[in-house]
Amino acid sequence: MNKVLVLFAHPVYQTSLLNRTLLEGLESTAQVTVHDLYEHYPDFMIDVAHEQNLLNAHDVIVFQHPLYWYSCPALLKEWMDLVLEHGYAYGTGANALQDKIFISSITSGGDAANYAGERNIRDLLKPFEHTARLCNMQFLPPFITYGGLKIKAGNFDQLLTKEYLTEQRERFRALLDDLVHQRINEANCLAFDTMNDRFDQLEIQHD
Amino acid sequence: MTEAFIIASLFLGMAVLLVPLANRLNLGSVLGYLIAGGLVGVVLKLVAPWLGMDSAHLLEQLNHASEFGVVLMLFVIGLEIQPSHLWKMKITILNAGGLQVSLTALLIMMIAMFGFALSWQVGLAIGLTLALSSTAIIMSTLNEKGWQNTIGGKASFSALLFQDIAVIPIIAVIPLLATVSPQGGEHLAHGIDITTHLPDWLKPLVVIGAIVVVYVLSRYLINPLFDYIARARQKEIFTTAALGLVSVIAALMSLIGLSPALGVFIAGVILSESEYRHELEVDIEPFKGLLLGIFFMTVGAAFNFTLFAAQFWLIIALTVGLMVLKGLVLYIVGKVLRLQKIEHALFFLALAQGGEFAFVLLTLAVGQSVIAPAIADTLRIVVALSMAITPLLFLYYEKMLLKKILQGDDVQRQADDIDEHNKVIIAGVGRFGQIVGRLLQFNQFKVTALDNDANMIDTLRKFGWKVFFGDATRMDLLHAAGIEQAHCFVIAMDDPEKVIDLAAYLHEHHPKLNLFVRARDRTTAYHLYQLGIRHIYRETFESSASMGEAVLKQLGMRAYQAKRAKLRYQHEDEILTRKMAQSYFEKDEKGHVLNVQEQLDNVANILANDQHIKQYSLSQDTGWDEHSLINDLGNQKAD
């Protein structure tokens, strides 16, 4: 079994519909650790040794965050800058993260249509992909939960919205379960642009 | 009228001539006043008959009048001591004072009995009289040197406070020691005493009643009265009221035979929590200084040179004996109080003299026929001489002992010290400046520190700090510390007035220096803003806001939200403090600064400003706010 570390970063979690949908009620267990970065480091003084110990103790790293200007919130970027040190995460002889699994779970204000064509989500997330590869990690396609702001603006039918949110919540739980039980890795996900595609396909197979 | 002008010119002229000279020679202003007084005494003897006056009588009158300076001094000292603080000192007061007074009195009594064949009653009266030290000299010197808050300074103050209280029972005891019936005449040096004719059982009740009156007066009547006067915005009436208050209390105390100094000290302590504390201090300060100076001069002027010449060796021997004896007793008391070497030295050098109360008590003892007039005359000279020697002991302490103790390890270091000038100077390394210094040292920046707490310096030097001893407002010290080469100057002393003075001086004369200034309270911050200082740090602002942040978090706020709430509050408060600083210095139609706006500093005003902050920012953090974006998206759908 894998141990999964969810690195969660949201500066105003209290107002985030999507992140609360995904994370509320999700307690840390023996297999899954939820690490709330903004709650831990409100003054951005990241404890690098502590963070590296956490990384060492886990096999899967999940970045859970909203997409802000096509990137992550500032604290998670600070975390990357400080914790993924040369000589620890990358560079000659550095193998602390080797073969561990990296996956992003992104929430977004816009919907899927906003991330098509030139603004393809995989292209936007390239910096994270390259980071993972430089650290010799396995990179999995991202899991994306769309439409936070459009839902709040009432752009969608309420019933559909509720169904969608419930589904995303269950899929996120299922994703974590798959990661813990080593059902997915880089090799068996190569065919998918996003984790969402994989879940869609699984459903079609079921039907 | 002409005579009054001549006398005034004589006193003031002599003071102006000699006090700055004494200060320049590092003798301290007290010795300057005493010497000036001595000269006034000589001149007065020649001039008085020509003016048709009796010089001895005149001096006695002036001495009584200027005793008001000592009273004012104790009032100001009281203003700086919170009641809770005084309560904490009670053990030290009892230990330091009780042991010192009883042991000294006992030893002097033995010497008087066995060395001079006097009766035990006379011996005890002399012993009690000489056990008291000079509050006026010691406290004004400690304040002048900035040593009042050092451990030795506090111990000295504790002993003095006990002595001031002990005067009450001593005055009561001395008449009982009379072996022959009083000659009549002067009953009490203080003048009228309404308790004399009361039955004995009533006297303690009268005393307690008087103290209750002082308490009620200070606690409940003064603030409304000052509110009323402050609203009238007449500066001189405020000053009048302040002096009047002290006079009323002093009169009340004298009437029932208590020490007026003690009475106003109690009033001062009670008023130390009043919002008018600072105002009172500022108003009384000049009167205190002037009257205290004249008081020292009258002591000097009353010096009997004829008798001194006649009994020269006896008086010298008695004076030296008195000071050695008192010093020895204080040495033992210091050991009991476990004072460390530097503080210990200050303690037993500072209090080894006779005090101004001795003059009062000698007059009383002679009036009650306890002590023969001839003995009293000799003792007066001994006391005056010991008072004149005290500034020299302070000088010895400052120049020799402190230097020796502090620079013991400096000799070998001096060579590499000469060219080393650090970029950062910190003035005041107490609880505030020390943290600044430690942070810098922690980051490999060497700092030069200035402080006048000898104990602190001793410790810091052991850890490799470069510390200069002395008052940071002195220019020679600033020069020695390398002010010309410094890049940053941290002002972190305790005394707000010195902080403001130093900031003003450096801001004007070293404009390129980056000043970082500690503000003890809002009022200090206002003054610093007014000076144009950019980096002002209000003492408790950061830690109390941090605590508020922690409480917000405990109430369920997200950590980062609480952090931002704290930072936003601080930011708004900073802006408002600047605004309040401006209005604090607003002038009235005649262009006078409305100093009564001290009221601005009260809690109600700060709270009113918090309401303003709320309206200003709607109390909501607008970071990552989505409302307009959601509205936009909602409208798109409608289209």
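Since the structure is predicted, the reported quantities are computational estimates derived from the model, not experimental observations.

## Notes on the overall build of chain A
A count of helical and extended segments in chain A gives nine helices and six strands. Within chain A, the fraction of its 207 residues that count as buried is 37%.

## A few points about the interface of chain B and chain A
In this assembly, 13 residues from chain B lie in contact with 15 residues from chain A. Residue assignment for the side of chain B that touches chain A shows that the elements contributing at least two residues are α25 (559-584) and α27 (627-638) of chain B. Among the elements that make up the side of chain B that touches chain A, the one with the highest residue count is α27 of chain B (five residues).

## Brief notes about the nonpolar core
One broad rule of soluble globular proteins: the nonpolar side chains tend to lie buried together. If you look at the biggest cluster of nonpolar residues, it comprises 171 residues, and the most contacted ones within it are Phe 75 and Ile 491 of chain B. Setting aside chain neighbours within four positions, we find Ile 491 of chain B in contact with Ala 427, Val 499, Leu 502, Ala 503, Leu 515, Val 517 and Arg 518 of chain B. Within the second largest apolar cluster, 47 residues are counted, among which are Val 62, Leu 76, Phe 102 and Leu 176 of chain A.

## Quick notes on the packing of helix α23 (residues 522-531) of chain B against α25 of chain B
Residue and element names in this part refer to chain B. Between α23 and α25, the shortest axis-to-axis distance is 9 Å and the interhelical angle comes to 80°. With respect to each other, α23 and α25 are oriented roughly perpendicular. Here α23 contributes Arg 522, Ala 525, Tyr 526, Tyr 529 and Gln 530 to the contact with α25, which in turn contributes Thr 577, Arg 578, Met 580, Ala 581 and Tyr 584.

## Some remarks on the confidence of the model for chain B
All names here are of chain B. On average, residues of chain B score 80 in pLDDT, and 88% of them are at 70 or above. The low-confidence segment residues 183-190, where pLDDT is below 50, has 15 contacts with residues more than four positions distant or belonging to other chains. Counted against residues more than four places away or in other chains, residues 408-419, with its pLDDT under 50, gives zero contacts. The ipTM, which scores confidence in the relative placement of chains, is 0.88 for this predicted complex, and the corresponding pTM is 0.57.

## Quick look at the pairing of strand β5 (residues 514-519) of chain B
Residue and element names in this part refer to chain B. Bridge analysis of strand β4 (residues 488-491) against β5 gives four bridges, and the strand direction is parallel. Note on β5: the bridge partner recorded for Ile 491 is Val 517. With respect to chirality, the unit in which β4 leads through helix α22 (residues 496-509) into the neighbouring parallel β5 is right-handed. The sheet contact formed by β5 and strand β6 (residues 535-538) spans four bridges and is parallel. Counted as the bridge partner of Val 517 is Ile 536 from β6. Following the backbone out of β5, through α23 and into the adjacent parallel β6, one traces a crossover that is right-handed.

Conventions used here
- Residues numbered from 1 in each chain as written.
- Chains lettered and ligands numbered in written order.
- Predicted model: local features only at pLDDT ≥ 70, side-chain atom pairs only at ≥ 80, totals over all residues.
- Helix = DSSP H or I, 4+ residues; strand = E, 2+ residues; numbered from the N terminus.
- Buried ≥ 20, exposed ≤ 12 C-beta atoms within 10 Å, placed from the backbone.
- Contact = placed C-beta atoms within 7 Å.
- Core = buried A, V, L, I, M, F, W, Y, C linked by C-beta atoms within 7 Å.
- Axes fitted to C-alpha atoms, helices over the stretch in contact; angles between N-to-C directions.
- Parallel < 35°, antiparallel > 145°, perpendicular 65-115°, else oblique.
- pLDDT = per-residue confidence, 0-100.
- Pairing = 2+ DSSP bridges.
- Right-handed = clockwise from strand over helix to strand, strands pointing away.

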